[in-house]
Amino acid sequence: MAKVVKAVRGMNDILPGEAYQWHFFEQTVQDWLAMYGYRCIRTPLVEHTDLFVRSIGEVTDIVEKEMYSFVDHLNNDRLALRPEGTAACVRAVIEHNLLYAGPQRLSYSGPMFRHERPQKGRYRQFHQVGVEALGYSGPDIDAELIVMCARLWQMLGITGLRLEIGTLGSAESRALHRTRLIKYFEQYAKHLDEDANRRLHTNPLRILDSKNPEMQPIIEQAPKLIDDLDEPSRIHFEMLQLLLREQGVQFEINLRLVRGLDYYNRTVFEWVTDKLGAQSAVCAGGRYDGLIEQIGGKPAPACGFAMGVERLLVLMHECGKEIEPLLPDAYIVHQGEQATSFAWKTAEFLRETGCRVILHCGGGSFKSQMKKADASGARYAIIIGDDEASAGEVTLKPMRLAADQARVDLHALSDLIKT
Ligand code: HAM
């Protein structure tokens, strides 16, 4: 036997037995985005590597260790599978000059790729729904993004998420903070692990994110950004909190919230759960006022977030949300030459009226076809023999109710099935 080729590690198939849950999720997300006026943008799965290096940041886990970057040998381009959606969305907005028409509320969804160590809730191909509001500077849009998340959780039946918000201040206040952090951590250089030492002069903020237990006492005593915060950023953060309180959204302030991407300033936030083990963040984002300019656009503020679809689907299940698959209305069983031709006609006739119909293919006895009808989950079996066909009728058998089967005229059928 030929060797079986398996899927790439960390990249999952979504089989029919779970795809209907994805459809429910996607449909709910579409309705939700429309409620808030966010319009869809679709960008390629592959971009120039440089786009991600310049936006996410050179000294980040994503760019240093996790990006599927490769050389396209046909023309020597350095390309990468997108590890996230913000950079590509911003690139497209600049390239097509969308901000010329005013601020934009945009959204996207689809697969992202990161070469992480796969485990439950962490994959190498995973799916995000992302929302980006470009051209808006005020805390009102930050609040809108958070409030809309809260509504989505409600629509999806997800409970028990915690919202953490923080602020990173302006580029200037971060620069000041950075200098203070470097000075502070330099005193403890001998106690820092290899990763932290490497980041000490390039990205000291990321040291705060370290999970190394031995470094925690040093990290806890490190200078806090809030003490170096500039006044406009402080006001922005306070306004955001006020708006969230007004809307009844509960939050915790986490001034140590460090995101794994470098483009953020001011507001950052994460929705976290205790129900998914180590992979606790289901949705995260923040403000990135410098990014558009940084990758070649006219300066414009922006804010957004992205959620991990796989994690949210598990969470919906954990929260007891039952999603019913969309089952067929009818399964048509048929035997005989005239019957088969009438069965085709019946199937198309019913579909024309919006019914979901499976037409049995592959022959077999009535008994074996009825077993398939039952297994399909259809509410009705439609039985057609030559006898029915010559009368222009079918036998309609309810499969889920204790009701008798009956001969029915083709034209009466769709009303009966739909009720
Ligand atoms: P992120 O925090 O890197 O942010 O990812 C957002 C969400 O994607 C995470 O909270 C998590 O639910 C999910 N996620 C990330 N990596 C994986 C993985 N390996 N497997 C499964 N799920 C994963 C961003 O990507 C930013 N672009 C968010 C943003 C949009 N900020 C502003 N606008």
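One can find the structure itself at the top, above this paragraph.
The paragraphs below set out a description of the structure included in this document.

Conventions we followed
- Residues numbered from 1 in each chain as written.
- Predicted model: local features only at pLDDT ≥ 70, side-chain atom pairs only at ≥ 80, totals over all residues.
- Heavy atoms only, no water.
- Buried < 20%, exposed > 50% of the residue type's maximum accessible area, 1.4 Å probe, protein only.
- Helix = DSSP H or I, 4+ residues; strand = E, 2+ residues; numbered from the N terminus.
- Pairing = 2+ DSSP bridges.
- Axes fitted to C-alpha atoms, helices over the stretch in contact; angles between N-to-C directions.
- Left-handed = near helix turned anticlockwise from the far one by under 90°.
- Contact = heavy atoms within 4.5 Å.
- Core = buried A, V, L, I, M, F, W, Y, C linked by side-chain atoms within 4.5 Å.
- Near = heavy atom within 4 Å.
- Areas by Shrake-Rupley, 256 points an atom, 1.4 Å probe, with all protein chains shown as cover.
- Nonpolar A, V, L, I, M, F, W, Y, C, P; charged D, E, K, R; others polar.
- 1 Å grid on protein atoms, 1.4 Å probe; cavity = no way out; pocket = protein on both sides within 12 Å on 5 of 7 lines; lining within 4 Å.
- Points joined across faces, edges and corners; volume = space filled by probe spheres on them.
- Arc of directions from axis to C-beta.
- Polar contact = N/O pair within 3.5 Å; in protein donor to acceptor, adjacent residues only side chain to side chain.

Thoughts on the pairing of strand β9 (residues 265–272)
On a regular strand, one side chain projects to one face of the sheet and the next to the other, so that they alternate.
At step 1: Taking burial as the measure, the eight residues of β9 include eight buried ones, the bulk of the element.
At step 2: Pairing geometry for β9 and strand β10 (residues 281–287), over six bridges, is antiparallel. Residue pairing across strands places F269 opposite G285, the latter belonging to β10.

Comments concerning the packing of helix α1 (residues 16–36) against helix α5 (residues 139–156)
Packed helices, taken two at a time, are described by the angle their axes make and the gap between the axes.
At step 1: α5 packs onto α1 with a crossing angle of 140 degrees between their chain directions and a minimal axis gap of 10 Å. Of the two elements, α1 crosses α5, and the hand of that crossing is right-handed. Contacts between α1 and α5 involve F24, F25, T28, V29, D31, W32, L33, M35 and Y36 from the first element and E144, V147, M148, C149, R151, L152, M155 and L156 from the second.

Examining the nonpolar core
At step 1: Counting residues in each nonpolar core, the largest one holds 44 residues, and the members touching the most others are F25, W32, W153, L244, W271, F305 and M307.
At step 2: Tallying contributions element by element places α5 first for this core, with 10 residues.
At step 3: Not counting residues up to four positions away in its chain, the partners in contact with L244 are A143, I146, V147, L163, I165, V249 and F251.
At step 4: Among the nonpolar cores identified, the runner-up in size contains 34 residues, and I62, M112, L134 and A302 belong to it.

Focus on the site of the ligand
At step 1: Around the ligand sit 26 residues, and of these E84, E116, E132, R259 and Y264 come closest.
At step 2: Bound to the protein, the ligand loses 96% of the 670 Å² it would expose on its own.
At step 3: At the level of elements, β6 (125–134), β10 and β11 (302–308) are the ones that each hand at least two residues to the shell around the ligand.
At step 4: Among the residues making up the shell around the ligand, the classes are represented as 12 nonpolar, seven polar and seven charged.

Notes on the side chain of D329
At step 1: The residue D329 is located in the loop between α11 (309–318) and β12 (330–334) in this model.
At step 2: Ignoring any residue separated from it by four or fewer positions in sequence, one finds D329 in contact with C355, R356, A378, R379, Y380 and I417.

Section: the sheet that holds strand β2 (residues 46–48)
At step 1: Taken in spatial order, the three strands make up an open sheet running β2-β4-β3, and their pairing is antiparallel. For this open sheet the edge positions go to β2 and β3 (69–72), each flanked by a neighbour on one side alone. Direction aside, the axes of adjacent strands within the sheet are offset by 40 degrees on average.
At step 2: Where β2 and strand β4 (residues 77–81) come together, three bridges link them in antiparallel fashion. Residue pairing across strands places H48 opposite L79, the latter belonging to β4.
At step 3: Taken strand by strand, helix α2 (residues 49–56) contacts β2, β3 and β4, and its axis lies near 75 degrees from that of β2.

A word on α11
At step 1: With seven of 10 residues buried, α11 is to be regarded as a mostly interior element.
At step 2: Taken together, the buried positions of α11 are V309, E310, R311, L312, L313, L315 and M316.
At step 3: Looking at the packing, one finds that the buried side of α11 touches α1, β6, α5, β10 and β11.
At step 4: Count one or two residues on from α11 and you reach G320, which has phi positive near 80 degrees.

Re the layout of surface pockets
At step 1: The space that makes up the second largest pocket amounts to roughly 480 Å³.
At step 2: Along its surface, the second largest pocket is lined by 22 residues, and R174, N203, L205, D262 and Y264 are the ones closest to its centre.
At step 3: At the level of secondary structure, the elements contributing two or more residues to the lining of the second largest pocket comprise α6 (171–186) and α10 (291–294).
At step 4: Here the residues of the lining of the second largest pocket are counted per class, giving 11 nonpolar, five polar and six charged.

Considerations on helix α15 (residues 410–418)
At step 1: Taken residue by residue, α15 has L410, L413, S414 and I417 as its buried positions. Buried positions in α15, seen along its axis, are confined to an arc of 90 degrees and lie on one side of it. Facing away from the buried side of α15, by more than 90 degrees, are the exposed residues H411 and D415.
At step 2: Taken together, the buried residues of α15 touch β12, α12 (337–352), β14 (380–384), β15 (393–398) and β16 (406–409).
At step 3: Two or three places before H411, at the start of α15, stands the capping residue D409, its side-chain oxygen 2.9 Å from that residue's backbone nitrogen.

Remarks on the environment of S69
At step 1: Within the secondary structure, S69 sits in strand β3.
At step 2: Residue S69 is classed as partly exposed on the basis of its relative accessible area of 32%.
At step 3: C-alpha separation for the pair S69 and H48, spaced 21 residues apart in sequence, amounts to 8.9 Å.
At step 4: Leave out the neighbours within four places in its chain, and S69 touches T49, R78, L79 and A80.
At step 5: At 3.4 Å, the side chain of S69 and the backbone oxygen of L79 are in polar contact.

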